[in-house]
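# Per-entry structural report
Residues per chain are reported as follows:
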Amino acid sequence: MFVRELHLRDFRSWRSVDLDLAPGPTVITGRNGFGKTNLLEALFYLSTLRSHRVSSDAPLVHAGSASASVIATVENDGRELTADLRINAEGANKAAINQSPARRPRDLLGILRTVLFAPEDLSLVRGDPSDRRRFVDELVAQRGPRLAAARADYDRVLRQRSALLKTAAAALRRGGDQADSVISTLDVWDGQLADLGGQVVSARLSVLAELEPHFTGSYASIAPHSRPAVLRYRPAGGAEIEERTPEAIADLLALRLTELRDKEIERGLCLVGPHRDDIDIVLGNDIAKGFASHGESWSLALALRLGSVELTRAEGVEPVIMLDDVFAELDAKRRAQLVDFTADAEQLLITAAVAEDIPARIGGRRIGVDVVDDDEGRRSHIVDEVGAEARGTDHDEDDHEDHGEDHGGDDAAAAGETTDE
């Protein structure tokens, strides 16, 4: 799989850019803040419907614009598809496939499969549970629209149930018919939350079970003298998951919701469900967060990404591998291991602040990125390239004409993250 063309309009710092890409390595260099990471972020968003840097869509749209356009033509095993996404600063996003409007943005999922390595990866080990949930949900989402839909629907039901919990305490104090109505409505939302939560957790467990051997093997190769590393799913409240089918997990969630209802009403929060679960990264007998050294944490984070590549390959897909300024974060040993691992990648996209950060063994094309700052505002542009054509121009409204003004969908957060309540 590789991206043949990338077109951006009003995406972050890019008013307009058209890149012809090809298999093999492409190195994009430019000073920090010049927009090189934005190119990778656009492709990652197209493959997961989320940014690896921000939790909302508004920052993705160039200042002063109402929407951004991301279009990529992807070749996979001789088949070519063009994924087209319009990201709106406000309101629903729109998508199209081969210029035909899609019903929802999540219909794009699966067209492009990516694995992105970034400095933010350290948060997978040291960060909040939401960072690890996000990581697993990205893997689930890239498997296709159906699995992403369960998470999107779960988030919708969670918001509605949470709003009801905030009003339930007052209604129960007043008593009467209103209290009965609130409890009856809460019963309905409990059922939906448990059903969708069972689907979300089951999908996560399935992905983790397939990822774990790749992760464990990758960590062992990176840190051969360290203790073994494994992954462990930890549901909120510590409830043990013995059966991993959606139905069995839904029954378990429904029971926990019944047990915790009084406490949830008292606090006005939903206290159980996949939005509060965590994934423990275990090193030996210890949870890595708060225990692993800086070097061990980087090795674990790197192993998660390397394992993700192997997981995707095991599904019969060669993902586009993207390295966002990570060589500057790694020591010489880990740099060499990453170069070895990505040597056979069908398409490798790399960003770096300075060309000297890129190991000499990596060849391929070189693209330079700079910024213009004038009366029309600050914007990124291509300044030089060796090996292929690139066209970066100032913004022209006519450029939108062939890229679909009404590309369709209503849930840019189909694989979105709900924070701990």
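So, a few notes on the structure that sits alongside this text. (Residues numbered from 1 in each chain as written. Predicted model: local features only at pLDDT ≥ 70, side-chain atom pairs only at ≥ 80, totals over all residues. Heavy atoms only, no water.)

## Here we look at the packing of helix α8 (residues 294–314) against helix α9 (residues 332–342)
- The interhelical angle for the contact between α8 and α9, taken along N-to-C directions, is 0°, at an axis separation of 12 Å. The orientation of α8 relative to α9 falls into the category roughly parallel. Contact residues: Gly295, Glu296, Trp298, Ser299, Leu302, Leu306, Val309, Glu310 and Arg313 in α8; Arg334, Leu338 and Phe341 in α9.
- Classifying every residue of the contact of α8 with α9 gives six nonpolar, two polar and four charged. (Axes fitted to C-alpha atoms, helices over the stretch in contact; angles between N-to-C directions. Helix = DSSP H or I, 4+ residues; strand = E, 2+ residues; numbered from the N terminus. Parallel < 35°, antiparallel > 145°, perpendicular 65-115°, else oblique. Contact = heavy atoms within 4.5 Å. Nonpolar A, V, L, I, M, F, W, Y, C, P; charged D, E, K, R; others polar.)

## A word on empty space enclosed by the protein
- Overall, the coordinates contain six cavities of 30 Å³ or more when judged by the stated rule.
- Within this model, the largest cavity holds a volume of roughly 120 Å³.
- Around the largest cavity, the lining is made up of 15 residues, and of these Thr114, Val115, Leu139, Gln142 and Ser308 lie nearest the centre.
- When contributions to the lining of the largest cavity are tallied by element, the ones reaching two or more residues are β8 (114–117), α3 (129–141) and α8.
- Per-element accounting of the lining of the largest cavity gives the leading share, four residues, to α8.
- The class makeup of the residues in the lining of the largest cavity is six nonpolar, four polar and five charged.
- As a volume, the second largest cavity reaches approximately 100 Å³.
- Lining the second largest cavity are 13 residues; nearest its centre among them are Pro235, Ile241, Leu252, Leu253 and Asp277.
- If one sorts the elements of the lining of the second largest cavity by residue count, helix α6 (residues 246–259) sits on top with four residues. (1 Å grid on protein atoms, 1.4 Å probe; cavity = no way out; pocket = protein on both sides within 12 Å on 5 of 7 lines; lining within 4 Å. Points joined across faces, edges and corners; volume = space filled by probe spheres on them.)

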